[in-house]
Amino acid sequence: MVISFENKVALVTGAASGLGLATAKAFAEAGAAVALVDWNEREVQTAAKELADKGHRTLAIQCDVSDDAQVEAMVKKTVAEFGRLDAAYNNAGIQNMLAETADVPRDDYDRVMAINLRGVWSSMKFELQVMRKQGSGVIVNCSSLGGLVGGNQRGTYHAAKHGVIGFTKSAALEYATCGIRVNAVCPGLIRTPMSDKMEAEGQGEALKIMRETFVPMQREGMPEEIANTVLFLCSDLASYITGQSISVDGGYVMR
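Remember, it's a predicted structure, so these values are computed and weren't measured experimentally.

Parameters and conventions
Counting restarts for each chain, with residues numbered from 1 along the sequence as it is written. Given that the model is predicted, a residue must reach a pLDDT of at least 70 before its local features are reported, and side-chain atom pairs must reach 80 or more before they are shown or counted; all residues, however, enter totals for whole chains, interfaces and linings. With hydrogens and water excluded, all non-hydrogen atoms of the structure serve as input to the side-chain values. Runs of H or I in DSSP of at least four residues are treated as helices and runs of E of at least two as strands, each being numbered from the N terminus. By this rule the span expected of a helix is its residue count minus one, scaled by 1.5 Å. Residue exposure (1.4 Å probe, protein chains only): buried if accessible area is under 20% of the type maximum, exposed if over 50%, otherwise partly exposed. When DSSP finds at least two bridges between two strands, those strands are taken to pair. Axis definition: a line fitted to C-alpha atoms, over the contacting stretch in the case of helices. Angles run 0 to 180 degrees between N-to-C directions. The contact criterion used is simple: two residues touch if any of their non-hydrogen atoms lie within 4.5 Å. These descriptions rest on fixed angle ranges, namely under 35 degrees for roughly parallel, over 145 for roughly antiparallel, 65 to 115 for roughly perpendicular, and the rest for oblique. Crossing handedness follows the turn of the near helix against the far one: under a right angle anticlockwise gives a left-handed crossing, and clockwise gives a right-handed one. Asp, Glu, Lys and Arg are counted as charged, while Ala, Val, Leu, Ile, Met, Phe, Trp, Tyr, Cys and Pro are counted as nonpolar; the rest, among them Gly, fall into the polar class. Think of a salt bridge as a Lys or Arg side-chain nitrogen and an Asp or Glu carboxyl oxygen that are within 4 Å of each other. Only a pair of cysteine sulfur atoms within 2.5 Å counts as a disulfide in this structure description. For Phe, Tyr and Trp, rings pair up if their centres lie within 6.5 Å, where Trp contributes its six-membered ring, and each pair is then called stacked (planes under 30 degrees apart), edge-to-face (over 60) or tilted (otherwise). Our definition puts a charge over a ring when NZ of Lys or CZ of Arg is within 6 Å of the ring centre and also within 35 degrees of the ring normal.

### Re helix 5 (residues 118-134)
Item 1. With 17 residues, helix 5 should reach 24 Å at 1.5 Å per residue; the first-to-last C-alpha distance of 24 Å fits that figure.
Item 2. Regarding helix 5, the residues found buried are G119, V120, S122, S123, M124, F126, E127, L128, V130 and M131.
Item 3. Positioned one or two residues after helix 5, G135 has a phi angle of 80°, which is positive.

### Some remarks on the sheet that holds strand 4 (residues 87-90)
Item 1. A sheet is described by the order of its strands in space; here seven strands give the open sequence 3-2-1-4-5-6-7, paired in parallel fashion. For this open sheet the edge positions go to strand 3 (58-62) and strand 7 (245-248), each flanked by a neighbour on one side alone. Taking each pair of neighbouring strands and ignoring which way they run, the sheet shows an average axis angle of 15°.
Item 2. Bridge count between strand 4 and strand 5 (residues 137-142): four bridges; the pairing is parallel. From the neighbouring strand, Y89 faces strand 5, where its bridge partner is V140.
Item 3. The strands touched by helix 6 (residues 155-174) are strand 5, strand 6 (180-187) and strand 7; relative to strand 6, the strand with the most contacts, the crossing angle is about 160°.
Item 4. Running over the sheet, helix 8 (residues 223-234) touches strand 4, strand 5, strand 6 and strand 7 and is turned about 165° from strand 6.

### A closer look at the environment of G135
Item 1. Checked against the element boundaries, G135 lands in the loop between helix 5 and strand 5.
Item 2. For the pair G135 and A47, spaced 88 residues apart in sequence, the C-alpha to C-alpha distance is 31 Å.
Item 3. G135 has contacts with C178 and G179, leaving out every residue within four places of it along the chain.

### Details of the pairing of strand 2 (residues 33-38)
Item 1. The element strand 2 is extensively covered by neighbouring structure, given that six of its six residues are classed as buried.
Item 2. Neither face of strand 2 is open: one carries A33, A35 and V37, the other V34, L36 and D38, and all of them are buried.
Item 3. Sheet analysis places strand 1 (residues 9-13) next to strand 2, joined by five bridges and oriented parallel. Considered in strand 2, the bridge of T13 is made with V37.

### Comments concerning the packing of helix 1 (residues 18-29) against helix 8
Item 1. The N-to-C vectors of helix 1 and helix 8 enclose an angle of 55°; their axes lie 8 Å apart at closest approach. Classified by the interaxial angle, the pair formed by helix 1 and helix 8 is oblique. Regarding helix 1 and helix 8, the two cross each other, and that crossing is right-handed. Contact residues: helix 1 offers G18, L19, A22, T23, A26 and F27, while helix 8 offers P223, E224, I226, A227, V230, L231 and C234.
Item 2. The residue makeup of the contact of helix 1 with helix 8, split by class, is 10 nonpolar, two polar and one charged.

### Concerning the pattern of salt bridges
Item 1. By the definition in use, this model includes eight salt bridges.
Item 2. Close ionic contact of E43 with R42 constitutes a salt bridge, the shortest N to O distance being 4.0 Å.
Item 3. R42 gets classed as exposed once you look at its relative accessible area, which sits at 60%.

### Topic: the state of the cysteines
Item 1. For the structure shown, the criterion picks out zero disulfides.
Item 2. In this structure C178 is a free cysteine whose sulfur lies 18 Å from that of C234, the closest cysteine sulfur available.
Item 3. The cysteine C234 is free of any disulfide, with C142 supplying the nearest cysteine sulfur at 12 Å.

### Examining the packing of aromatic side chains
Item 1. Within the structure shown, the criterion is met by two aromatic pairs.
Item 2. Between F5 and F27, the ring centres sit 5.1 Å apart and the planes meet at 80°, which makes this aromatic pair edge-to-face. Placement of F5 in the segment before strand 1 and of F27 in helix 1 is noted, with a sequence separation of 22 residues between them.
Item 3. The exposure class assigned to F27 is buried, which follows from its relative accessible area of 0%.
Item 4. Ring geometry for F214 against Y252: centres 5.6 Å apart, planes inclined by 45°, an arrangement best described as tilted. Here Y252 lies in the segment after strand 7 and F214 lies in helix 7 (residues 193-214), a separation of 38 residues in the sequence.
Item 5. Residue F214 is classed as partly exposed on the basis of its relative accessible area, which comes to 36%.
Item 6. Against the face of F126 rests K125, its NZ or CZ located 5.8 Å from the ring centre.

Structure (structure tokens):
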């Protein structure tokens, strides 16, 4: 069955690369008008132009999701351009500096929480204001495998991603009778620029051991596999699914 988003409007944060870019492309190819949002203005403009050159309706927005005013403006620009907001994938996120809890610098904690948790809260806040008026809409928040399990030296990242699941469940409860669904996706080991950066910083062997020891499928996932899950959750095929956190991890959490 083909999932269509014709005459729909989607917004994707962290859309210049990785999971966000793959999902923005998938929405566009399914017929949606797409607002691509990222802090990196040059890269998000390039990504939006490449899709527009293929005949898709796009809007590039530079936004730091840790800044409430920028997030509010991002949502308003999307609605001003396309008239409504049907689906949002709140994907923007960063990794923490590796450190045991006793050694985590306060500024790194604040940086990760500002983007990975407060950024999701702020994005939902302004997206839900639009969707509440419409009486319809779907939000998918990007949590992580790290939102379901703990991890050595990754406590700040995991805490933020656990928090995303809490926000997702609470918002799903609040708007369940308003025509609005809210879910989360929990990617496992996915090949993205973030994983490339982790390998470049010396974490390659640890990721290899993690994959070979804990992933039953014995492979990394691809960004398109996350995008497919997001589109499904945003489609009418998932019309009775809300408040859920869907693991896309090659079976990791079965262990």
